[in-house]
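Summary of the model geometry
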Amino acid sequence: MPILLAHAETKMTAKTFDLIVVGAGPGGYVAAIRGAQLGLNVAIVEREHMGGICLNWGCIPTKALLRSSEVFHLMQRAKEFGLSASKIDYDLDAVVKRSRGVANQLSGGISHLMKKNKIAVFMGEATLPAKGKVSVKGEKGTDELTAKNIVLATGARARELPGLEADGKLVWTYKHALNPPHMPKKLLVIGSGAIGIEFASFYNTLGADTTVVEVMDRVLPVEDAEISGFAKKQFVKQGMKIMEKAMVKKLDRAKGKVTAHIEVNGKVEKQEFDTVISAVGIVGNVENLGLEALGVKLDRTHVTVDEYCRTGVDGLFAIGDIAGAPWLAHKASHEGVMVAELIAGKKPHAVRPESIAGCTYCHPQVASVGYTEAKAKELGYEIKVGRFPFIGNGKAIALGEPEGMVKTVFDAKTGELLGAHMVGAEVTELIQGYVVGRQLETTEEDLMQTVFPHPTLSEMMHESVLDAYGQVIHM
Ligand SMILES: Cc1cc2nc3c(=O)[nH]c(=O)nc-3n(C[C@H](O)[C@H](O)[C@H](O)COP(=O)(O)OP(=O)(O)OC[C@H]3O[C@@H](n4cnc5c(N)ncnc54)[C@H](O)[C@@H]3O)c2cc1C
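Moving on, we get to the pattern of salt bridges. In the structure shown here, the tally under the stated rule is 28 salt bridges. As a salt-bridge pair, Asp 167 and Arg 253 come within 2.7 Å of each other at their nearest N and O atoms. Placement of Asp 167 in the loop between β7 (156-158) and β8 (171-172) and of Arg 253 in strand β12 (residues 246-254) is noted, with a sequence separation of 86 residues between them. For Arg 253, a relative accessible area of 34% corresponds to the partly exposed category. Across the pair Lys 407 and Glu 226 runs a salt bridge, and its minimum N-O distance is 2.5 Å.

Following this line, the structure appears as structure tokens:
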């Protein structure tokens, strides 16, 4: 088993470290590596899998599943591209096997990185019995570790609402949806955030009759309203049923079917499904660690931290999902680097949540960074808004992906890029261009002066900026 090997081969018998990281997700393992790079003697504790939710049950296996459904969708469009494909079908077990294989490969890679960086790995359940102490209950007994600095990176799990709890057969969380006991025929997805919509997109593309119920007034409610509206139209075109301002009040479970009681416009209607995916948010893993006794402040199920992830208890930090929104792997990793640098005596910049991009890998993809148009107005900015549709871009048409748009929001006074919002093919790869722009505090002028390669989808990012200033070319 590679994880135990990593521990044994580092021959770290010392139980006192400069830094102990609890949780080996993208927050924890990155903090541990950065700490080791800076010369700290580091230990990491993990109770389940190296790589955390992200590599094992989140970001990576979902993208592997979505790649299968994307290829399946493209195969069905073969004729459009002058190709032929017959008897197009899928084998769900094989699709899932590939996804699990990708997750396992990456999780194994993290064990290798721990070994390479001489980080001591303790497999077991951690608790914090006192300041500067971590107790690890593993299969072979308990290890008592001490360190001046401890980073909590214990992540989060699916939120369960009363009456809508998962049972793994008829009602699933994301874990069941990633390793499904059957292919849903009639699927209800509760919640249209990134997790809900990605699964809705995957199963709908494979042929499940899919209904999404969202309590807010639109799908993907954290996105810019125009982008949500555009994405919704595409989902509906693909056959999904979207119920907004609707709430699942109750699930009646019987053999092979679930009757959902859905409240819309003050009336409750009943609909039958064979599978329900509950994607109503996440809760932080804050329990049974001993946090209350240490005086750590909690905000509902998350640890309260300052902009440097300090908990208020000397030498105790919290990063990633346990430290609150945005619940994203890259936010967790970035906080991990920042905290390790702080502990090693460097002077890192605090993480700026408004410069962290959010990506949803549904079909079409959605990506954004910074303020939505509504938020910018609410904050009192006088704004300029640019838009560019995929239909005006040569590469999008050549790819057969003419549906989508790029929207940019600028501060009319200073030209600062306040926000960028995209829907369409490959936008999750494109958004990073605007993220770099925001990091460098770029203005409309820099973006307009930048030469974008042709033919690329990125040209739409240029055109959207030009549109905000009345200089758009291809529209
Ligand atoms: C279905 C799904 C899809 C997602 N897709 C994306 C995506 O595309 N992009 C993105 O950025 N984010 C995505 N996320 C979110 C992302 O997975 C999380 O933001 C990220 O994993 C948080 O990292 P973390 O290090 O804070 O915690 P985690 O990854 O949750 O890791 C925490 C680790 O701590 C361990 N642990 C907990 N308690 C203890 C204890 N007491 N002792 C020892 N170990 C403990 C856990 O076993 C776990 O391994 C997705 C999430 C889900 C569920």
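In the structure shown here, the tally under the stated rule is six aromatic pairs. Ring centres of Phe 17 and Phe 122 lie 6.1 Å apart, and the angle between their planes is 80°; on these two criteria the pair is classed as edge-to-face. Here Phe 17, found in strand β1 (residues 16-22), pairs with Phe 122, found in strand β3 (residues 120-123); they are 105 residues apart in sequence, far enough to count as distant. Each member of the pair, Phe 17 together with Phe 122, is buried. Aromatic pair Tyr 371 and Tyr 381: ring centres 6.2 Å apart, planes at 35°, arrangement tilted. Of this pair, Tyr 371 sits in the loop between β21 (366-370) and α11 (373-378) while Tyr 381 sits in the loop between α11 and β22 (383-389); the two residues are 10 residues apart in sequence, bridging distant segments of the chain. A residue is classified by how much of its surface remains accessible, and Tyr 381, at 28% relative accessible area, is partly exposed. Of the aromatic side chains, those joined through ring pairs into one cluster are Trp 172, Phe 202 and Tyr 203.

Next up on the list: the pairing of strand β14 (residues 267-273). Note: strand β13 (residues 257-264) against β14, seven bridges, orientation antiparallel. Note that in β14 the partner of Thr 259 across the bridge is Glu 272. Linking two consecutive strands that pair antiparallel, namely β13 and β14, is a turn of two residues; a positive phi of about 50° is found at Asn 265 within it.

By secondary structure assignment, the location of Glu 335 is in helix α10 (residues 329-343). Discounting chain neighbours no more than four positions away, the residues touching Glu 335 are Cys 309, Ile 319, Gly 320 and Val 351.

Turning to the sheet that holds β12, a few remarks are in order. Ordered by their spatial adjacency, three strands build an open sheet running β12-β13-β14, and the pairing between neighbours is antiparallel. A single partner strand is all that each edge strand has here, and the edge strands are β12 and β14. The average undirected angle you get between the axes of adjacent strands in this sheet is 25°.

Glancing now at the packing of helix α13 (residues 427-439) against helix α15 (residues 459-468). Two measures define how a pair of helices packs: the angle their axes make with one another and the distance between the axes. The interhelical angle for the contact between α13 and α15, taken along N-to-C directions, is 50°, at an axis separation of 10 Å. One element, α13, and the other, α15, form an angle in the oblique class. Classified by chirality, the crossing of α15 by α13 is right-handed. Here α13 contributes Leu 430, Gly 433 and Tyr 434 to the contact with α15, which in turn contributes Met 461, Ser 464 and Val 465. Considered class by class, the residues forming the contact of α13 with α15 number four nonpolar, two polar and no charged.

Criteria and cut-off values
Residues numbered from 1 in each chain as written. Predicted model: local features only at pLDDT ≥ 70, side-chain atom pairs only at ≥ 80, totals over all residues. Heavy atoms only, no water. Salt bridge = Lys/Arg side-chain N within 4 Å of Asp/Glu carboxyl O. Helix = DSSP H or I, 4+ residues; strand = E, 2+ residues; numbered from the N terminus. Buried < 20%, exposed > 50% of the residue type's maximum accessible area, 1.4 Å probe, protein only. Phe/Tyr/Trp six-rings, centres within 6.5 Å; stacked < 30°, edge-to-face > 60°. Pairing = 2+ DSSP bridges. Contact = heavy atoms within 4.5 Å. Axes fitted to C-alpha atoms, helices over the stretch in contact; angles between N-to-C directions. Parallel < 35°, antiparallel > 145°, perpendicular 65-115°, else oblique. Left-handed = near helix turned anticlockwise from the far one by under 90°. Nonpolar A, V, L, I, M, F, W, Y, C, P; charged D, E, K, R; others polar.

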